[in-house]
Structures are given as structure tokens and as C-alpha cells.
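Chain by chain, the residues run as shown.
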Amino acid sequence: MVIPQLLAIVRRIKPLHDKYVIDELAKQHNRTVLRLPPYHCELNPIELAWSSVKNYVKMNNTSYKLPDVKKLLIEGINRVDDTMWKNFISHTRKEENKFWKLDFIVDEVLTAEETPVIMTIAGNKTSNSSSSTTSGDDF
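Note that the coordinates shown come from a computational prediction; the quantities given were computed from them, not determined experimentally.

Attention now goes to the overall build of the chain. Of regular secondary structure, the chain possesses five helices and two strands. Along the chain, helices (α) and strands (β) appear in the sequence α-α-α-α-α-β-β when read from the amino end. Expressed as a percentage of the 139 residues in the chain, the buried residues total 13%. Contacts spanning at least 24 positions in sequence make up 47% of the contacts within the chain whose residues lie at least 6 apart. Of the accessible surface of the chain, which amounts to about 12600 Å², a share of 58% is contributed by carbon and sulfur atoms.

Here you go:
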């Protein structure tokens, strides 16, 4: 199935499942909760921020003592400023656009009306008095 067909199925089935309190609260304020696909950290800018924070801790941790790690963690979080967030979001949007382009290509390939490819594999068997053989050139 292509994405539009899958989305139609999702729209049909989704109301049958439990609702989330956060969704209902958001709806009261004319908002929608956007859930990111699992296992696609490249579509979530917070993952880039956490990566930056963890890298800061890793590069500056010399004592490996919990209070020092906590201090480095807070410093790493404070380093994530407006400019970094804009860059994380920009990077995420570029990744999202790549996915959209790939989806379009996949849909185009899946919906293309082409002549089906039919392969027939047959061999010519020859026999002699002691055994039957198949020629390797028949495939």
C-alpha cells in the first residue's frame, strides 16, 4: 500500500483506540499533540540538544563523581542557547524534507503502471545411458 492508503486506514481505525488525557486537554485549547514516529530520532530536535549536552559532559568529565557530573550536566544544558535550538530545528526540517522526498519517490514507484516482469526459468534436460544432466547455460 502507498502512504495515502495507509493514512486512510489509520483515520478509520484511530477512533477505536483509547484517548489520551493530554490530547483532550490540548483540544480544549485548540491545539494538537504531534507524536513523532518511533525510532526516528532525526525528526526530533530535542535529541540533538541532548546529544550536545551529553557530549559536553563527556568531554569535560575528569572526576567521574556524581556531583561533578551533575554540575557539568547543568552547564551543558545552559549552553544550549537560542542559536543552537534554531540550528537543531533547521537540521530536523532538512531531514523531514528528505523523508518527504523519499515518500514521494516510493509512492510514485509503487503506483506506476508498468508491464509486469515475468521470468520463466526452464532447463533443457539431456539424457544419456548413465545419467541425466542439465546444461548450465539454460538459465
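Residue N30 is not a glycine yet carries a positive backbone phi of 55°. Among the structural elements, N30 can be located in the loop between α2 (21–28) and α3 (45–60). Look at N30 and you get exposed, because its relative accessible area is 70%. The phi angle at Y64 is positive, at roughly 60°, despite the residue not being glycine. The topology assignment puts Y64 in the loop between α3 and α4 (66–79).

Together, I46, W50, L73, I77, W85 and I89 line one region of the surface with nonpolar side chains, adding up to about 480 Å² of accessible area. Secondary structure elements with two or more residues in the nonpolar patch: α3, α4 and α5 (82–111). Note that W85 resides in helix α5.

Moving on: the side chain of S52. You can see S52 is positioned in helix α3. In this structure, S52 is in contact with R79, M84 and F88, ignoring residues within four places of it in sequence.

To continue, consider the side chain of N61. With respect to the helices and strands, the residue N61 is situated in the loop between α3 and α4. Relative accessible area serves as the criterion here: at 13%, N61 is assigned to the buried category. Residues within four places of N61 in sequence aside, it is in contact with V69 and L72.

What follows covers the pattern of salt bridges. Summed over the entire model, instances satisfying the criterion amount to four salt bridges. A salt bridge links E24 to K27; the nearest nitrogen and oxygen atoms lie 3.8 Å apart. Of this pair, E24 and K27 both sit in helix α2, separated by three residues, roughly a single helical turn. The class for E24 is partly exposed, based on a relative accessible area of 31%. One salt bridge in this structure joins K71 and E75, with 3.8 Å as the shortest N-O distance. Here K71 and its partner E75 are both found in helix α4, four residues apart, which amounts to about one turn of the helix. K71 gets classed as exposed once you look at its relative accessible area, which sits at 54%.

On average, residues of the chain score 83 in pLDDT, and 81% of them are at 70 or above. For the chain, the element scoring lowest by mean pLDDT is strand β2 (residues 132–134), at 46; α4 scores highest, at 97. For residues 129–139, every residue scores under 50 in pLDDT, and the model assigns this stretch 14 contacts once sequence neighbours within four places are set aside.

How each quantity is defined
Per chain, the residues get numbers from 1 upward, laid out in the order the sequence is written. Owing to the predicted nature of the model, reporting of local features is limited to residues with pLDDT of at least 70; listing and counting of side-chain atom pairs is limited to 80 or more, with chain, interface and lining totals taken over all residues. To obtain the side-chain values, all non-hydrogen atoms of the structure were included, while hydrogens and water were left out. Helix and strand assignments follow DSSP, with helices taken as H or I runs no shorter than four residues and strands as E runs no shorter than two, numbered in order from the N terminus. Here's how the labels work: a residue is buried when its accessible area is under 20% of the maximum for its type, exposed when over 50%, partly exposed in between, all with a 1.4 Å probe on protein chains only. Contact definition: two residues touch when any of their heavy atoms are within 4.5 Å. Here the open area of atoms and residues is found with the Shrake-Rupley method and a 1.4 Å probe, where only the protein chains shown may cover a residue. Patch membership requires over 30% relative accessible area and the absence of a salt bridge. Like charges are linked within 9 Å, and nonpolar side chains (Val, Leu, Ile, Met, Phe, Trp, Tyr) within 5 Å. Every case where a carboxyl oxygen of Asp or Glu lies within 4 Å of a side-chain nitrogen of Lys or Arg is listed as a salt bridge. As a per-residue measure, pLDDT tells how confident the predictor is, with possible values from 0 to 100.

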